[in-house]
Structures are given as C-alpha cells and as structure tokens.
Amino acid sequence: MHRPAPHSPARDTPSQDADARLAHRAPTRRSVLLGAGAGAAGLALAGCQNSGGSSDAAAKTPQVRISEFENARGDWTIWQVSYDLEDGESNPELYTEATQTARHEALEAKKAEGGWTAQNPLLVLDPYGTTRTGLYVHFADDSAGELSFVDAVADAEDFAKTAANHAETGFEGLVVGLVPGATNTLALTWRPKSGQVVRGTLSIRTPTTASGYSSTISADVKDAEALTEGLFAMSGISGPGNNSFLMDNAGIMRAELTSTTSAQHHLVVEDGRIVTTTGSAQVSVLDHLGHADTIIDLGKQSVHHDLDVVGGAAFVLTSVTSSGRSEDRVTRVDLSTGDVEQVVDLQKVFPEYEKLAHARTGDGLGDPVATGEDWIHINTLQIIDDVMYLSSRETSTAFALENALEAGSTPSVRWMLGAEGLWEGTGYEGKFLEPSGSMIGNAGQHSVHRIDDDSLPDGQFYLEMFNNNYWYVGTRNEVDWKDEGPDNASTDELEGTSHMLRYLVDESTWSYTEDLAVEVPYSSVVSNVFRLGSGGIDDNAVVNSGKSGAFSERDAEGEILASYRYDTSNLGYRVYKDTFEGFWYAAS
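Each value, and the rule that gives it
- Residues numbered from 1 in each chain as written.
- Predicted model: local features only at pLDDT ≥ 70, side-chain atom pairs only at ≥ 80, totals over all residues.
- Heavy atoms only, no water.
- Helix = DSSP H or I, 4+ residues; strand = E, 2+ residues; numbered from the N terminus.
- Buried < 20%, exposed > 50% of the residue type's maximum accessible area, 1.4 Å probe, protein only.
- Salt bridge = Lys/Arg side-chain N within 4 Å of Asp/Glu carboxyl O.
- Pairing = 2+ DSSP bridges.
- Axes fitted to C-alpha atoms, helices over the stretch in contact; angles between N-to-C directions.
- Lys, Arg positive; Asp, Glu negative; His and termini not counted.
- Contact = heavy atoms within 4.5 Å.
- Core = buried A, V, L, I, M, F, W, Y, C linked by side-chain atoms within 4.5 Å.
- 1 Å grid on protein atoms, 1.4 Å probe; cavity = no way out; pocket = protein on both sides within 12 Å on 5 of 7 lines; lining within 4 Å.
- Points joined across faces, edges and corners; volume = space filled by probe spheres on them.
- Phe/Tyr/Trp six-rings, centres within 6.5 Å; stacked < 30°, edge-to-face > 60°.
- Lys NZ or Arg CZ within 6 Å of the ring centre and 35° of its normal.
- Patch = residues over 30% accessible without salt bridge, like charges linked within 9 Å, V, L, I, M, F, W, Y side chains within 5 Å.
- Areas by Shrake-Rupley, 256 points an atom, 1.4 Å probe, with all protein chains shown as cover.
- Charge placed at Lys NZ, Arg CZ, Asp CG, Glu CD.
- Polar contact = N/O pair within 3.5 Å; in protein donor to acceptor, adjacent residues only side chain to side chain.

(A) Just the overall build of the protein chain, in detail. Secondary structure assignment for the protein chain yields 5 helices and 37 strands. Looking at the 588 residues of the protein chain, the share that counts as buried comes to 61%.

Following this line, the structure appears as structure tokens:
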C-alpha cells in the first residue's frame, strides 16, 4: 500500500508485546492445524535462508500434511494444512524457507492428485499460513473464465467479489473474504467463456483470529457510495500482537496477515506481490496465494516504521543496536539476490546535529525495540526520481536526500523543511526551504509523502503528511528546543489538535506554502495520511489518528465519508487501504 503527559510520554511505536500463547501440546504424535492454539506473534523469528543465514529450527524440514477441514459443510470438501509433530514439539516457525517450502510442496502434491474440476475443485484453507482465512481454489477447465463469490455472515451485508484468476484456463487463486471466527456461507460461481456455469455453496466455521483480536470494529459510514473499493490494512495495534488486520468498508475483518516479532508497518502491494516486514529483522515477499517465497534476514539490523519498494529492491528504515544509536539508518534489500546493504547512516549526514543530542532520560518517546540514542527518529521513507524523502519525528523536520540509493555512495541534503531553529549551529541552516505566507507548521509529523501533479509547473509538487502537532524533543535540553516549535503546537501528550496537512513546495524558489490543513482527532505520536486511487490530491484519503484509536476515509478536501474506531491498549500505528485488484480480486 504504496504507495504524552509530561510525566509519561507515549511511545511512538506499535506494541511489541510477544504473544505468550504456546502451541497446544499433546502426549502423542499428532497433526495440528496451523495457528489453532497459538498466536502468530508468539512464533520465534527464524534466520534467513534466502540470504545465507541458518538456524536449527529452519534447518529441520517440517512434516506437513493436508487433511479434511471438519468445520465445513456443503457441495465440496475443504482441506487444511497440518503439521505432524513429535511429543513436546511446537509449531515450526512460519517465515522460514523450510516451513514455506514444506507447505508449498504439500499443496503441489495435493494438486498433482488430479481430478480437480469446476464440479470438484480443490479448496484449501490458508495453505501458507499467512492470511488466516484465505481460501485457495484450483481446478482445471478447457476454458478460461471468472470465479465470483459471495460471502454471507450474520448481521452484515454480503461481501461479493470476483476473484483474480492466475491460471490461463480453469482457475487458480485465493478467495479472500471469509470472516474469522464466524459461520460463513460462501457461494461460488464459475462462469467459463465456453461451457456450463457451475455453482456451489459451503457453510464454513472459520478459525478465530490468531491474535485474539475482534473480527469487527465500530463503523460509522456516512456515504457508502463515495468510499473506494478495497480493504483497510490496520497495522501495529497495541495489545493483540503484531499481525495486520484487513477490514472492509463496513469494519469487518476479511483477512489477518501473519507477522512475528514486529508489526508490518507498511504493506506494499505492487507488481503482483506484497512486500512487507514479517519480523524484527526480516523482509518477506508474499505472492497472490500467500506464499512467502522470498524471506530475507537483515542480520544485526532491526526494522521499524516504514519501507518503500523501487524496482527489485526494498528500502527499509533500520536501527543497528551495536551502534549506540537508533532509528537513523536506511537499508537496501535486493529482493532477487537477498543482498542487504546499508545505504544511509544519518549520523554521517548530520554529524554536527548528532553531537548536540543525548540519549533520553527517564520515560520518553522511545522505541522499546531499538536501544541507544534516538536522536533523529526517522518514521517515513519514500523514493521518487532517485530522491529519498525522510521524516524525522524527533526534530520535526522533513528532508530530501540525493545520492542515497546505493551502498558506498555519499548522500547529500537537497533541502530540509521544518523547525530550522533546532538546527542552529550545525551548518545546515541554509538548507531549509523558506516558508511563505501564514501556516500552521509541522510538529512531530508522520507519513510525509511527495505528491506530483501534472497541473503544477516544473519544480513544484505537494508534500502531504499527518501533522501530529506535538512539540517535544527528548534528546535535547529543554532550553534548546522549547521555544523553537510552531506557535500553535501542543506540548501535551493527550490534548491538542492534529491535522491532515499539505504543503506546496516550489524548488525553483526553495520555498513552500500551506495548501491544505484539516483538523483531525489528536494523536501526539504515530498515525498517517494515505491517498487512495492514483495517489493524487483529488483522490480520497485514509487518515489514522493512532493514539485516538480512530481512522477515517475522507474525500479529497478532507470531509469524512466514513469513520472507524478500534480497540487498542495504547495506539494503532498506521492504516492503509488497497483494492488488491489483479492480486486477490479481478479488476473492476
């Protein structure tokens, strides 16, 4: 989808609580349905197999079987993936080459049994363990065609889609729409380009969410017709672990994407794949069936906050614990070779500023995963036209870097935007864009993204963000920062006003003006604004206020079309939305 009270400030990170639930243990060798007794967040992170790493757990090939799923009735059989475990064994780690390969080979062996037709399709629930209720469908046919489905659950509108077909003839794809922990009535209809239409109906009692999170959230839909098609992706919800929840426009969960030791801060859906983090030091690529066929370990680096995908590489915000600093690196991950290379170390870009900072003392807006001096706290990453755009929460500054995409290069600062006074004496004062006209100003901002527009002259573009509007710098002495923030910014963790904020940047004059400012529920930390459709300023937007536990879909000017509230013990990191067209659903 690519596109604090003074005594106890909030933590600007999703909950990293490890789900302590263990897999059910029985005294004899048995077959266990994946996830049936264990929260996905409790799985340990495996070493990387694609990039040469190894671990004892990863080296052992799981024994996988496909057996009948008993909680289904209807016209066809549904199958499930199980593990054969020795006495005392737990489910294997999910995101390892060994586990994913074993599950894949079991599915391929089931397909090879043959005889799978439209009248007798192969249906397997969540074959790769990554979507919870995704239903794999495969059958042969002499003709190409469309598979439509309608999922019905009590007290909800029907969920109707045409599944994306990834076979030239017959069908292969993943039906995503079954609600976890509910009795789903699923109607499937195959319409071949030539031949007879085939219909079937199933009643399926799906497994509850692996995280224990509710399959519904509160929804107040004001204009259903104006909402975009697609699923909201909620990530980093404090309390239930690190999985991501895919919700429809009515606030009903249609899939739960499995993570392990870290929240999936950004699900990038592009080029027939999902690129995301699946652990605290792991990047994975999921195909349209949920198969994590690329799993890359980042070694001694930990991921946080954001990633972007450019061609065959993922650029990931990282920390290196041994450095004594945190959240100040960018790492390039080659998704084809598994090569992992650091491309930006911001201490080398801003050495004079880093000298002014110190580690936080007492309770602060720190990150419980990263340790050390959180002196700049990068929370957003975007790359356009070979320029890297970053947002620093700690300094309330956004900046653009050039020559920052390859290992060994020397990044340089193109411009900076934000609290210039905080940087006095560092030598970078002359890099700041000049504000023009009256404006709110940004403080503690998140999800800073450049938006291009053909109507603008050369050298101009928009910069849109979630302006937390919270002024706090925990790594500098108060006398250095207290009077340097925007006049209207709040210094209170719990009370204030945040904004959906957009600037018009003019690089021909090295200036910027305020173009849009919409008040939204206050969130001192985390949160995001995400444009839908083509990503332009005329498209709808998702706005998530993470500390308020609320998000909304809004029209181009920020008027609410639908609002949602979700349960969280502290915060919700980000909410994105994607149509998943061509991936899980046919293009409309």
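(B) Structural context of the pattern of salt bridges. The tally for this structure, following the rule as stated, stands at 28 salt bridges. Two residues, Glu 89 and Lys 60, come together in a salt bridge whose shortest N-O distance is 2.5 Å. With Glu 89 in the loop between strand E4 (79-85) and helix H2 (97-112) and Lys 60 in the loop between helix H1 (56-59) and strand E2 (63-68), the pair connects residues that are 29 residues apart, well separated along the chain. Linking Glu 464 and Arg 531 is a salt bridge whose minimum nitrogen-to-oxygen distance equals 2.8 Å. Separated by 67 residues along the polypeptide, Glu 464 in strand E30 (residues 460-467) and Arg 531 in strand E33 (residues 528-531) bring together distant segments of the chain. The residues Glu 464 and Arg 531 share a single accessibility class, namely buried. A cluster of three or more residues bridged by salt bridges with shared partners is formed by Arg 325, Asp 328, Arg 329 and Asp 345.

(C) Representation of the sheet that holds strand E26 (residues 397-402). As summarised here, the arrangement of the 4 strands in space is E24-E25-E26-E27, forming an open sheet in which the pairing is antiparallel. In the strand order of this sheet, the two ends are held by strand E24 (378-384) and strand E27 (412-418), each with one partner. With strand direction ignored, the average angle separating the axes of adjacent strands in the sheet is 20°. Bridge count for strand E25 (residues 387-392) against E26 is 5 bridges, and the pairing is antiparallel. Along E26, the bridge assignment pairs Tyr 389 with Ala 400.

(D) Inspection of the sheet that holds strand E10 (residues 183-192) at higher detail. The antiparallel open sheet is built from 5 strands, whose spatial order is E3-E11-E10-E7-E8. Across the chains shown, the open sheet's two edge strands, defined by having one partner strand only, are strand E3 (72-74) and strand E8 (159-163). Neighbour-to-neighbour, the strand axes of the sheet open up by a mean angle of 20°, direction not taken into account. Here strand E7 (residues 145-152) pairs with E10 via 8 bridges, running antiparallel. For Glu 146, the partnering residue across the bridge sits in E10 and is Arg 191.

(E) Quick look at the side chain of Glu 256. Residue placement: Glu 256 occurs in strand E15 (residues 253-257). With no salt bridge to any partner, buried Glu 256 finds its closest opposite charge in Arg 132, at an N-O distance of 4.3 Å. For Glu 256, the contacting residues outside a window of four places in its chain are Thr 130, Thr 131, Arg 132, Thr 209, Ala 210, Ser 211, Asn 243, Ser 244 and Phe 245.

(F) Spatial organisation of the environment of Glu 157. Turning to its location among the elements, Glu 157 is positioned in the loop between E7 and E8. C-alpha of Glu 157 to C-alpha of Ile 252: the two residues are 95 residues apart in sequence and 9.9 Å apart in space.

(G) Representation of the nonpolar core in the model. Of all hydrophobic cores here, the largest spans 57 residues; its most connected members are Ile 78, Leu 135, Leu 246, Phe 580 and Trp 584. Ignoring sequence-local partners within four residues, the contact set of Ile 78 consists of Glu 68, Phe 69, Ala 72, Leu 123, Leu 125, Leu 135, Leu 202 and Ile 204. With 34 residues, the next largest nonpolar core counts Phe 315, Leu 346, Phe 399 and Met 416 among its residues.

(H) Looking closely at the layout of surface pockets. Of the voids in this model, the largest pocket is the one considered here, and its volume is about 480 Å³. In terms of lining residues, the largest pocket is bounded by 17 residues, among which Glu 157, Asp 158, Glu 229, Asn 249 and Ala 250 are the most central. At 3 residues, E8 tops the list of elements feeding residues into the lining of the largest pocket.

(I) Main features of the packing of aromatic side chains. A complete count under the given rule lists 26 aromatic pairs for this structure. Three or more aromatic residues joined by ring pairs make a cluster, and in this case those are Phe 350, Tyr 353, Trp 375, Phe 399, Trp 423, Tyr 428 and Phe 432. The ring centre of Tyr 585 lies 5.0 Å from the NZ or CZ of Lys 161, which sits over that ring. Seen from the ring of Tyr 462, Arg 502 lies directly overhead, with NZ or CZ sitting 5.2 Å from the centre.

(J) Up close: a negative patch on the surface. The grouping of Glu 424, Asp 480, Asp 483 and Glu 484 at the surface amounts to a negative patch. Position of Glu 484 relative to the elements: it lies in the loop between helix H5 (478-481) and strand E31 (498-506).

(K) Geometry of the environment of His 265. Tracing the sequence through the fold places His 265 in the loop between E15 and strand E16 (268-270). Take His 265: its relative accessible area is 4%, and that puts it in the buried class. Once the C-alpha coordinates of His 265 and Thr 276 are considered, the two residues, 11 residues apart in sequence, prove to be 7.7 Å apart. Of note is the side chain of His 265, whose polar atom sits 2.8 Å from the backbone nitrogen of His 305.

(L) Spatial organisation of the pairing of strand E32 (residues 511-520). As defined by bridge partners, strand E28 (residues 434-435) adjoins E32 across 2 bridges and the pair is classed as parallel. Within E32, the residue paired with Pro 435 across the bridge is Tyr 512. Across 9 bridges, the pairing between E31 and E32 is antiparallel. Paired with Ser 498 across the bridge in E32 is Val 520.

Such coordinate-based values are descriptive only and should not be taken to indicate function.
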